[in-house]
Amino acid sequence: MFNRFASSIVICLLAAGCLSAQAADWAAYQQAFIAADGRVRDPLQDSISHSEGQGYGLLLAEMHADRPAFDRIFKWTTDNLQIRRDALLAWSWGRRPNGAWNVIDYNNASDGDILVAFALLKAAQRWDHPPYRAAAQRIVQDIRRHLALDVHGYQLIAPAYFGFNSAGAHSFNTGYLVLPAFEAFARADDPSFWQRVLADSERLLEKSIFSRLRLPADWVALENGQIAVDRARSPFFGYEAIRVPLYLAWHADRQRLEILSDYLQFVESAGYLPRRVNLVDETVAADEAPAGFYAVMGRCAERLGRPALAAGLFQKAAERIAREPEDYFSNTLYLLAGGRAE
């Protein structure tokens, strides 16, 4: 199944304006990672589900114009995760210690809320369905009400309702800065608020670049107006920050994508894409990144006008994805990198 999936997507990735895969390949992804009831599962983590995964599932269904899948994923999400007193989503759903399956963490994760609302706004436009837009607006309004932080001159969205901020320091996950979503929220909710969030998120990203390879950190700490790698959470450019170039590519932000030119040059010279880079001691992992990382960086190379490098990265992604049939995150990035969510 995934060999055919791999070969066709690399052709799509190299074709301008092509969606992430043909309908059969989207069906293969659903078979591997989406239950019949719409729950997006991570097989490598005891089939756990997260609000982030539901958001990605909705985005992929919208990209593939698959309304039945979209509705199944949305229904499971609202029935099982939208159970707080606000419209935000419980972050984690899985097997409890007693063996029962249910919510296992009621705290939200703002990337999940952002991705779900973004997908709903896109679906409302695609299918001219106002209830999707209304559902998105409820989430967006509660993100603004409960997660807005005005700190050290930045208007930002907290990573969660609690757990990441103190009186003196604030932690932010760069992978939660979904720039095209903030742009869409400005059209659906309070324009001045979301335009400032967009501008300040872009500014935060500009200051969250570290090491000689000029890479965004997974987590950054904002303290006394200064931004540094949040070493306690992650010293790496890795599984969180790999989403930064994806969202910049979706946002068609070539100027900001230019920060990745040095890294792309390193990758081309080294002949492989590292799984992670330590931004504190500047060491580079010897083991290769999964296929989804290759696809994301391939999309960036394409956006930056480097077609030969893009083709090589996409080809490597296609080769590796066939060996990752249970890697939910890599397969998700792989499909998202082939789609367009501008």
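Here the structure is shown first, and the text comes after it.
Notes on the structure in this doc start here. Each chain has its residues counted from 1, following the order in which its sequence is written. Reporting of local features is limited, given that this is a predicted model, to residues whose pLDDT is at least 70; pairs of side-chain atoms are given and counted only at 80 or more, and all residues count toward the totals for whole chains, interfaces and linings. Only heavy atoms go into the side-chain values, all of them from the structure, while hydrogens and water stay out.

### Regarding the sheet that holds strand S2 (residues 92-95)
- Between any two strands, pairing holds if DSSP finds at least two bridges. A run of DSSP states H or I qualifies as a helix once it reaches four residues; a run of E qualifies as a strand once it reaches two. Both are numbered from the N-terminal end. Ordered by their spatial adjacency, 3 strands build an open sheet running S1-S2-S3, and the pairing between neighbours is antiparallel. The open sheet terminates on both sides in strands that have one partner only, identified here as strand S1 (49-50) and strand S3 (101-105).
- Where S1 meets S2, 2 bridges bridge the pair, whose relative direction is antiparallel. Bridged to serine 49 within S2 is tryptophan 93.

### What about helix H7 (residues 179-188)?
- Throughout this description, buried means an accessible area under 20% of the type-specific maximum (1.4 Å probe, protein chains only), exposed means over 50%, and partly exposed covers the range between. Across the 10 residues that make up H7, a large majority, 8, are buried.
- Of the residues making up H7, those classed as buried are Leu179, Pro180, Ala181, Phe182, Ala184, Phe185, Ala186 and Ala188.

### Digging into the nonpolar core
- As used in this record, nonpolar core signifies buried Ala, Val, Leu, Ile, Met, Phe, Trp, Tyr and Cys residues forming a set joined through side-chain atoms within 4.5 Å. By size, the foremost hydrophobic cluster in this structure holds 115 residues, and its most contacted members are Phe70, Leu120, Ile143, Phe185, Trp194, Tyr263 and Met297.
- Among the elements that line this core, the one with the most residues is helix H5 (residues 110-127), at 11 residues.

### Some points on the pattern of salt bridges
- What makes a salt bridge here is a side-chain nitrogen of Lys or Arg within 4 Å of a carboxyl oxygen of Asp or Glu, nothing more. Evaluated as defined, the whole model comprises 25 salt bridges.
- Between glutamate 62 and lysine 122 there is a salt bridge, with the nearest N and O atoms lying 3.8 Å from each other. Taken as a pair, glutamate 62 in helix H3 (residues 51-63) and lysine 122 in helix H5 lie far apart in primary sequence, 60 residues in all.
- Residue class for glutamate 62 comes out buried when judged on its relative accessible area of 5%.
- Of the charged contacts in the structure, one is a salt bridge between arginine 67 and aspartate 71, with a shortest N-O distance of 3.9 Å. Of the two residues, arginine 67 and aspartate 71 are both situated in helix H4 (residues 67-80); the distance of 4 residues between them amounts to about one turn of the helix.
- Among the charged side chains, a salt-bridge network with shared partners connects Glu52, Asp111, Glu240 and Arg243.

### Considerations on the layout of surface pockets
- Buried and open spaces are told apart on a 1 Å grid over the protein atoms alone, a cavity being a set of points where a 1.4 Å probe fits but cannot get out and a pocket being an open set with protein on both sides within 12 Å along at least five of seven lines. Residues with an atom within 4 Å of a point are the lining residues. Grid points are joined across faces, edges and corners, and a volume is the space filled by probe spheres set on the points. One number sums up the size of the largest pocket: a volume of about 640 Å³.
- Lining of the largest pocket is provided by 23 residues; of these, Gln45, His50, Glu52, Trp91 and Glu240 occupy positions nearest its centre.
- Ten residue types, Ala, Val, Leu, Ile, Met, Phe, Trp, Tyr, Cys and Pro, are classed as nonpolar, four, Asp, Glu, Lys and Arg, as charged, and the remainder, Gly among them, as polar. Tallied by class, residues from the lining of the largest pocket come to 11 nonpolar, 5 polar and 7 charged.
- Leu121, Lys122, Gln125, Ala184 and Arg187 are the residues nearest the centre of the second largest pocket, which is lined by 14 residues in total.
- Put simply, the parts of the chain that give the lining of the second largest pocket at least two residues each are H5 and H7.
- With 6 residues, the top contributor of residues to the lining of the second largest pocket is H5.

### Observations concerning the packing of helix H12 (residues 291-303) against helix H13 (residues 307-321)
- At a closest axis distance of 8 Å, the pairing of H12 and H13 adopts a crossing angle of 165 degrees. Relative to H13, the element H12 is oriented roughly antiparallel. Crossing of H12 against H13: the hand is left-handed. Where H12 abuts H13, its residues Ala291, Tyr294, Ala295, Met297, Gly298, Arg299, Ala301 and Glu302 lie against Leu309, Ala310, Leu313, Phe314, Lys316, Ala317, Arg320 and Ile321. Angles shown run from 0 to 180 degrees and are taken between the N-to-C directions of axes, each axis being a line fitted to C-alpha atoms and, for helices, limited to the stretch in contact. For this classification, under 35 degrees means roughly parallel, over 145 means roughly antiparallel, 65 to 115 means roughly perpendicular, and everything else is oblique. Each crossing gets its hand from how the near helix is turned against the far one by less than a right angle, where anticlockwise is left-handed and clockwise is right-handed. We call two residues contacting when some pair of their heavy atoms lies within 4.5 Å.

### Some details on the pairing of strand S4 (residues 148-151)
- Alternating residues of S4 divide into Leu149 and Val151, all buried, and Ala148 and Asp150, none buried.
- Connecting the antiparallel pair S4 and strand S5 (residues 154-157) is a turn made up of 2 residues, with histidine 152 showing a positive phi of about 50 degrees.

### Thoughts on empty space enclosed by the protein
- One pass over the full model with this rule turns up 2 cavities of 30 Å³ or more.
- Ser110, Ile114, Leu156, Ile157, Pro159, Phe172, Asn173, Tyr176, Leu177, Phe182, Val197 and Ser201 are the residues that line the largest cavity.
- Only H5, S5, strand S6 (169-173) and helix H8 (191-206) provide two or more residues apiece to the lining of the largest cavity.
- Residues belonging to the lining of the largest cavity are distributed by class as follows: 9 nonpolar, 3 polar and no charged.
- Approximately 40 Å³ is the volume found for the second largest cavity.
- Along the walls of the second largest cavity sit Val40, Arg41, Asp42, Ile48, Ser49, His50, Gly53 and Tyr328, which together make up its complete lining.
- Its residues assigned to classes, the lining of the second largest cavity shows 3 nonpolar, 3 polar and 2 charged.

### Describing the packing of helix H6 (residues 130-147) against H7
- The interhelical angle for the contact between H6 and H7, taken along N-to-C directions, is 105 degrees, at an axis separation of 11 Å. By the criterion of interaxial angle, the relationship of H6 to H7 is roughly perpendicular. Of H7, the residues touching H6 (which contributes Arg133, Gln137, Val140 and Ile143) are Phe185, Arg187 and Ala188.
- Here the contact of H6 with H7 is composed, by residue class, of 4 nonpolar, 1 polar and 2 charged.

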